[in-house]
Amino acid sequence: MEIKMANLTKIFISKDKKEVHAVDHVDLVIPSGKLIGLLGPSGCGKSTTLYLIAGLLRQTEGEIYFGEEEMSETPPEKRGIGLVFQNYALYPHMTVRENILFPLENLKVEKEEAKKRTFEMAKLVGLEEMLDRKPKELSGGQQQRVAIARALVKTPRVLLLDEPLSNLDARLRLQTREEIKRIQRETKITTVFVTHDQEEAMSISDEIVVMKDGIIQQMGEPQEVYDKPTNLFVAKFLGNPQINVFDGEIKNKEILIENMFVGKRDLPDQKVFIGVRPEGFIIDQENKSSFHFKVDLVETIGRDTTLIFDMQDDSINILDKKTFKAIIDAGFRIKAGDVVHFNIKPEKMHLFDINGTIL
Ligand SMILES: Nc1ncnc2c1ncn2[C@@H]1O[C@H](COP(=O)(O)OP(=O)(O)OP(=O)(O)O)[C@@H](O)[C@H]1O
Ligand SMILES: [Mg+2]
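Cut-offs used in this document
Residues numbered from 1 in each chain as written. Chains lettered and ligands numbered in written order. Predicted model: local features only at pLDDT ≥ 70, side-chain atom pairs only at ≥ 80, totals over all residues. Heavy atoms only, no water. Phe/Tyr/Trp six-rings, centres within 6.5 Å; stacked < 30°, edge-to-face > 60°. Helix = DSSP H or I, 4+ residues; strand = E, 2+ residues; numbered from the N terminus. Buried < 20%, exposed > 50% of the residue type's maximum accessible area, 1.4 Å probe, protein only. Domains from an automatic or database assignment. Contact = heavy atoms within 4.5 Å. Buried area = accessible area lost by both parts, 1.4 Å probe. Polar contact = N/O pair within 3.5 Å; in protein donor to acceptor, adjacent residues only side chain to side chain. Nonpolar A, V, L, I, M, F, W, Y, C, P; charged D, E, K, R; others polar. Axes fitted to C-alpha atoms, helices over the stretch in contact; angles between N-to-C directions. Parallel < 35°, antiparallel > 145°, perpendicular 65-115°, else oblique. Left-handed = near helix turned anticlockwise from the far one by under 90°. Near = heavy atom within 4 Å. Areas by Shrake-Rupley, 256 points an atom, 1.4 Å probe, with all protein chains shown as cover. Core = buried A, V, L, I, M, F, W, Y, C linked by side-chain atoms within 4.5 Å.

## Brief notes about the packing of aromatic side chains
Here comes step 1: For the coordinates displayed, the defined rule picks out 14 aromatic pairs.
Here comes step 2: With centroids separated by 5.6 Å and ring planes inclined at 20°, the aromatic side chains of Phe-233 and Phe-237 adopt a geometry described as stacked. Highlighted residues: Phe-233 and Phe-237, both in helix α8 (residues 232-237), separated by four residues, approximately one helical turn. Like Phe-233, the residue Phe-237 is buried in the burial classification.
Here comes step 3: Between Phe-246 and Phe-291 the ring centres are 5.6 Å apart and the planes differ by 80°, which places this aromatic pair in the edge-to-face class. Of the two residues, Phe-246 is situated in strand β11 (residues 244-251) and Phe-291 in strand β16 (residues 291-294); the sequence distance between them amounts to 45 residues. Residue Phe-246 shares its accessibility class with Phe-291, and that shared class is buried.
Here comes step 4: By the ring-pair criterion, three or more aromatic residues cluster together here, those being Phe-246, Phe-281, Phe-291, Phe-293, Phe-309, Phe-324 and Phe-342.

Written as structure tokens, this is what we have:
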């Protein structure tokens, strides 16, 4: 089921009578059968977007379509959605079986059919052996899988997940997100997965939507958005360690960081922000005219070595931070205090104008 949002807007009036534009003129198509990660910092409007799709909130302006059908007048229970929240919200006195079955009782589904579907859903989420347990006898990840089974048992047209993994510890979070991915692949149900964790969104989603202040910044396949961010916000939001952002300039078609040549671009002279992914530096100790700095800290973990450069005492400006990081092959013999000369891979370097828009 394709979901289309057209000019979708939600304005809240806060206690002190100020307007909060939680969702601001959003135009977005969520393709049928895909898993979309809705991603952005706290307060950017992710949950509000989800609740508008679900019909739990009424939009101030704009439309939501499921396929060709405009949904504004359709109440939540008639929209054919399955919802899963951060806190599993299972009925504690009921068994796993009763929890999954519950929505079907409301729909007055015939008993044998309901039993069969409950078992199928339990099997889908890998809990068919635990049907007689109570929620408190399950791990957090298992409880969340019951919540997913319960959301899916009505065979909804759309599955909406609001930070479903954030109450789980790191290992369970990884495991459960793989489960969600598998379940979505098997059921092919159109799914919107809300998270503020970029790594989680990147790993699970067919496409990600990055949001800020109620406005969609970019939508695309995770790798495509990572490789081709449309603005500085998106570039900084994706990737760990974060992209390094230097103050720089274009002069005679040369890209300069503090008068050091780092590349060429056919652009007019101007001040720019230069974003370089940590994996974008190539060591070239022979090239004495290249970008170079004294390394302050060397951390080797497995295959990778991270070089950390402290810029406190340099005149160079790095946005928000006083260090920059380069990830290099662990094979290089570099130690703290060495001066390191770099070339920068052009495809890992992104230029932004002073407003943060990609150049
Ligand atoms: N009922 C409400 N009344 C007033 N303002 C609200 C209401 N609900 C949300 N907001 C505001 O709308 C904006 C978006 O909130 P929303 O809950 O959608 O953010 P979010 O992206 O889900 O954040 P988080 O990651 O913290 O869950 C925020 O500024 C929030 O304070
Ligand atoms: Mg939220």
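## Topic: the domain arrangement of the protein chain
Here comes step 1: Segmentation of the protein chain into domains returns domain 1 (3-237) and domain 2 (244-352).
Here comes step 2: A separation of 39 Å is found between the C-alpha centroids of domain 1 and domain 2.
Here comes step 3: Listed as interface residues are seven residues of domain 1 and, on the opposing side, nine residues of domain 2.
Here comes step 4: Summed over both sides, the interface between domain 1 and domain 2 buries roughly 740 Å², with carbon and sulfur atoms accounting for 56% of that surface.
Here comes step 5: By the criterion of area lost to domain 2, the three top residues of domain 1 are Tyr-226, Leu-232 and Lys-236, representing 66% of everything that side buries.
Here comes step 6: Inspection of the domain 1/domain 2 interface yields three residue pairs in polar contact (both at pLDDT 80 or more).
Here comes step 7: Every element with two or more residues in the side of domain 1 that touches domain 2 is listed here: α7 (222-227) and α8.
Here comes step 8: No other element matches the three residues that α8 contributes to the side of domain 1 that touches domain 2.
Here comes step 9: Here the residues of the side of domain 1 that touches domain 2 sort into four nonpolar, one polar and two charged.

## Section: helix α2 (residues 96-106)
Here comes step 1: For α2, every residue scored as buried is listed here: Val-96, Asn-99, Ile-100, Leu-101, Pro-103 and Leu-104.
Here comes step 2: Of the surrounding secondary structure, the elements contacted by the buried residues of α2 are α3 (111-124) and α4 (140-152).
Here comes step 3: Looking one or two places after α2, you find Lys-108, whose phi comes out positive at around 60°.

## A look at the packing of α2 against α4
Here comes step 1: Contact geometry for α2 and α4: axes closest at 7 Å, N-to-C directions at 30°. One way to sum up the angle between α2 and α4 is to call them roughly parallel. Considering only the axes of α2 and α4, their crossing is right-handed. Residue-level inspection shows Val-96, Asn-99, Ile-100 and Pro-103 of α2 in contact with α4, the latter providing Val-146, Ala-149 and Arg-150.
Here comes step 2: Its residues placed into classes, the contact of α2 with α4 shows five nonpolar, one polar and one charged.

## Some words on the site of ligand 1
Here comes step 1: What surrounds ligand 1 is the set Phe-12, Val-20, Ala-22, Pro-41, Ser-42, Gly-43, Cys-44, Gly-45, Lys-46, Ser-47, Thr-48 and Glu-163.
Here comes step 2: A distance of 2.9 Å separates an oxygen atom of ligand 1 from a polar atom in the side chain of Ser-47.
Here comes step 3: Relative to its free-state accessible area of 640 Å², ligand 1 is covered by the protein chains to the extent of 60%.
Here comes step 4: Of all elements in the fold, only β2 (19-30) and α1 (46-54) reach the threshold of two or more residues within the shell around ligand 1.

## Notes on the nonpolar core
Here comes step 1: In terms of nonpolar packing, the biggest core is built from 33 residues, with Ile-100, Ile-148 and Leu-152 touching the most fellow members.
Here comes step 2: At the level of elements, α2, α3, α4, β7 (158-162) and α5 (170-187) are the ones that each hand at least two residues to this core.
Here comes step 3: Looking at this core, the element that brings in the most residues is α4, giving six residues.
Here comes step 4: With sequence-adjacent residues up to four places away left out, Ile-148 is seen in contact with Val-84, Val-125, Leu-161, Ile-180 and Ile-183.
Here comes step 5: Counting 27 residues, the second-largest nonpolar core is a separate cluster that includes Ile-257, Val-262, Val-340 and Ile-344.

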